[in-house]
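Remarks on the overall topology
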Amino acid sequence: MPIIEVENLVKKFGHFVANDHLTFSVDEGEIYGFLGANGAGKTTAMKILCGLSSPTSGKVKVAGYDVYRQSEMIKKRIGYMSQRFSLFDDLSVWENFQFFGGIYGLTAAQIRQRTTELLGRLGLEGEKKQLLGSLPLGWKQKLAFSVAIIHKPSIVFLDEPTGGVDPITRRQFWEIIYETASQGITVFVTTHYMDEAEYCQRVSIMADGRIVALDTPSNLKAQYQVNNIEEVFLRIARN
Amino acid sequence: MKGFIIKEFYHIFRDVRSMLVLFGMPVIQVLLFGFALSTEVKNAPVAIIDHSNDQVTRAITTKLLSSGFFILSDQVPGEAHMEEVFRHGRVKEIIVFESDFAKKLEKDKQAGIQVIADASDPNTANLLVNYTSGIIYDYQQEYLKGFTIPVTVSAQSQMMYNPDLKSVFMFVPGVITILLMLITAMMTSISIAREKEMGTMEILLVSPMRPIQVIAGKVLPYVVLAFANALTILLLSYFVLGMPVKGSLVLLLAESMLFIIMALSLGIFISTVSKSQQMAMMLSMFALMLPTILLSGFIFPIENMPVPLQVISNVMPPRWFIIIVKSIMIKGLGFQYIWKETLIIAGMALFFIALSIKKFKIRLE
Amino acid sequence: MCFYFIGNTPPVSLPLVTENMPSNISIQVSGLARHFGNKTALNDVSFDVAKGELFGFIGPDGAGKTTLFRILTSLLLPDAGSATVEGLDVVKDYKKLREILGYMPGRFSLYQDLSVEENLRFFAGIFRTTPEANYDLVKDIYSQIEPFRKRKAGKLSGGMKQKLALSCALIHKPEVLVLDEPTTGVDAVSRIEFWEMLARLRSSGITIVVSTPYMDEASRCDRVALIQNGGIMSIDTPAAIRKNFGRALWAVKADDAYRLLADLRRFKAGRSAFPFGEYIHLVPDDERLKPAEIESYLQALGHSHISVRQIEPSIEDCFMEMMKDSE
């Protein structure tokens, strides 16, 4: 069952067409990779899917809600994490969870239960009282991801979640993504690491505002007759 | 160096906010203070309780009401109900003549008038009482022509230099001061902090430019713009508000330049201690703007402040500059009367320049 | 280059960095340390960079790359140790040093409200030169963005910003170019183009020091230092680092990648297992482990379409192995 449905999405800024008739859907529990060169229109599309901006035309439904009329409902059903948006450095781990849990309207008991559960999964219960600023970057990214799913959203949007993270933590991060997806939370992710594209169930590649390729990584490699997604990406971007 | 200054002008001219602050603010401030926020009082409702109703009290009443500052309220309260009348705000001032006023004046050379003002708005009350006593003093002079008796009511010194009691004249010096402070100190501190925030400061530091060149390049455009602003305000107040410059214009501009340099060095100092534009903005707002407005004597007379604040106001550069501007513009005084204030500002400028050069880092820490 | 050996001619040594050839050294760093508060950013870092070398610092965010580069560019003072660039001490001779450096900080430090052209002219100006004077040096890079020279820098795409920032750092013809994470946040195509530009610059003889969190970019450098937690784990040519991996490495693939990973983690003869794209890289505890043993282990667990083959380690494999060692 698709949780994100996009049909002929167009977004224009003046004469500039940032998104040119995008059509795709994402299934519940899927890990969907959203790739494209800088300026290809990924960020614009992602903002629309998160209910932060309205499309110029086209049909867009997220978690069953219409982005034109029900963006407030969408915001309740999604989680968002990006490399740029991080948690508060001057609050402790626990205070961060409490704050963001509160934003999503969880009760004190729910927050306590979810925090224990999520920290337990990361093995960071011992760091509950630590100020976030004193933790290594890799831990912070994992905590930011946990906070993004504290309210058990239907979809979590990850905007370059592993940028600059060391190679081991990067892989641990993906293991957490897998685990999350296996619980039925849909993961919509962008990345500049092409090996990470291979961890997605399906990927789409954007260029000049359009989706140029959309399939499973292995089908894409077969279609372009190359060995990895990086080469697919280069083929597309260089044309 | 030239390229640096050109670039700085690009920054300013391409930023709508900067342009608004630079060119919109002076016009708006002058007009705002000149017209809308004028504390000049016109047609204040006044109640008169005349217990004698003789030719002298009637003459004084006529003189008061013909001044244009007052209109007679239809409220004639008994003395017991004064408070009530004030509370309803229908009357700003009550004047009470004692009984047998003319007789007493003739016999005892002294008669009593009670002036009661609604001091919930202290500035207005102050002005009204001043107007009233001024008018009574005038009358006294006329009435007693030829007699030699002790003067019982003394006029405020304010009226000596500003006989029309036009508040615009009191505000223009303050507005010039605020704007010069704002444009120079705040804008320079923000623009230097912006380079830090954007990371471009790193490149400037790693270039062969000396710190003094970097500072001069950032600051010179603002000197020019601030000076242009001072001129704009003077022109506006001269042509739109009819404010004269009684003293030397050259002296006034030279003093303004000195003040601009002082404000600039203060701005540089603020930027050396702030890491981001936001911090520079906050520091300028709270460390400069509020004290400039509140403690410089611009709005609240320094004499009326509690002693600790009076002491603090001594270190507020605007306090001294306002005195200078008033002296030159309103009183028409020359340099010999304001050298002390000039010296204070020059000293402050030197202090901040020295401090910022010492504080300006050649590295990132 | 050819060498002819006739008779007893002493052996000609390649221009390798050695103590007795100081003239060949561009950057010399020894025992460098720096902390911020109680956090150690750099801990006893030593290395040399030869003239004309393209030298890479590979490591994640927070490894100490930016601190190191800021010390090299005289923007920060070290707590201990010394560093010289072209014989100039980064502390004492900072004024002279700043004349010969080209520096591109982590974020593309351009004036967003100035146009492409104006940015270039300004940065040339602060080094007392003009874009025209050194145009041939930046021509290769700048010509790619020249069609947009009237556009504000803030409106450029990531790749174009990166090219403009590099042009600005090069415009005064520096002897040493220091690039802090020039490819971070830039898409794969722009990254490849950027490294091609660096390779061409390198051939013009300029010394280039560059940092990156992308392990796959290591192969583009003459030599690399793998850096983690403020310390250098290894310095060598990319080929030598790969050669020194010192263990066997197997790429394993099966239909259910997620379950495959979990099963390989539980594999008794396995030392580590990490996903690499569609494969999982398995480092066995014992060199002599045979592919058939891995296959039969997986078959017993019901995996299908199993493929196991021995591969050469990548820099990323080496980095992860060293991280494991240092733990």
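Here the structure is shown first, and the text comes after it.
First things first, this report covers the structure right here in the doc. (Residues numbered from 1 in each chain as written. Chains lettered and ligands numbered in written order. Predicted model: local features only at pLDDT ≥ 70, side-chain atom pairs only at ≥ 80, totals over all residues. Heavy atoms only, no water.)

1. Side note on the interface of chain C and chain A
The condition that has to hold: By definition in these notes, contact holds between two residues if any of their heavy atoms fall within 4.5 Å. What counts as buried area is the accessible surface, traced by a 1.4 Å probe, that two parts surrender upon association, with contributions from both included. The salt bridge definition used is simple: a Lys or Arg side-chain nitrogen within 4 Å of an Asp or Glu carboxyl oxygen. Contacts described as polar in this section are N or O atom pairs within 3.5 Å, which, within protein, must combine one atom able to donate a hydrogen with one able to accept it, while residues neighboring in sequence count only if both atoms come from side chains. Helix and strand definitions here come from DSSP, where helices need a minimum of 4 consecutive H or I residues and strands a minimum of 2 consecutive E residues; each element is numbered from the N-terminal end.
On the side of chain A, 31 residues touch chain C, which itself brings 32 residues to the contact. With both chains or domains summed, chain C and chain A bury close to 2,500 Å², and 60% of this area falls on carbon and sulfur atoms. Here chain C and chain A share 4 salt bridges between them. Ionic pairing is found between arginine 265 of chain C and glutamate 175 of chain A, a salt bridge with its closest N-O pair at 2.9 Å. Viewed at the interface, chain A and chain C are joined by 10 residue pairs in polar contact (both at pLDDT 80 or more). At the level of secondary structure, the elements contributing two or more residues to the side of chain C that touches chain A comprise helix H5 (158-170), helix H6 (188-202), helix H8 (257-266), strand S12 (270-276) and helix H10 (315-326) of chain C.

2. Let's talk about the interface of chain B and chain C
For the record, the criterion: Polar here means any residue outside two lists: the nonpolar Ala, Val, Leu, Ile, Met, Phe, Trp, Tyr, Cys and Pro, and the charged Asp, Glu, Lys and Arg; Gly therefore counts as polar.
Across the contact, 24 residues belong to chain B and 30 residues belong to chain C. Around 2,600 Å² of area is buried between chain B and chain C when both sides are counted, 60% of it from carbon and sulfur atoms. The largest per-residue losses of area from chain B upon contact with chain C belong to Val206, Pro208 and Arg363 of chain B, which jointly make up 26% of the total buried on that side. Here chain B is connected to chain C by 2 salt bridges. Between arginine 70 of chain C and glutamate 202 of chain B there is a salt bridge, and its shortest N-O distance comes to 2.9 Å. Inspection of the region where chain B meets chain C yields 9 residue pairs in polar contact (both at pLDDT 80 or more). When residues of the side of chain B that touches chain C are traced back to their parent elements, those giving at least two are helix H1 (2-14), helix H8 (167-198) and helix H9 (200-205) of chain B. A total of 6 residues in the side of chain B that touches chain C trace back to one element, the largest contributor, which is H1 of chain B. Class assignment of the residues belonging to the side of chain B that touches chain C gives a composition of 11 nonpolar, 5 polar and 8 charged.

3. Brief notes about the sheet that holds strand S1 (residues 25-36) of chain C
All names here are of chain C. Our working definition: Paired strands, as defined in this entry, are two strands with at least two bridges between them according to DSSP.
Pairing in this open sheet of 4 strands is antiparallel, and the strands run S2-S1-S4-S5 from one edge to the other. Strands at the two margins of the open sheet, each flanked by one partner only, are strand S2 (39-50) and strand S5 (88-89). In the sheet, S1 pairs with S2 via 8 bridges, with the strands oriented antiparallel. The partner of isoleucine 25 across the bridge, within S2, is alanine 50.

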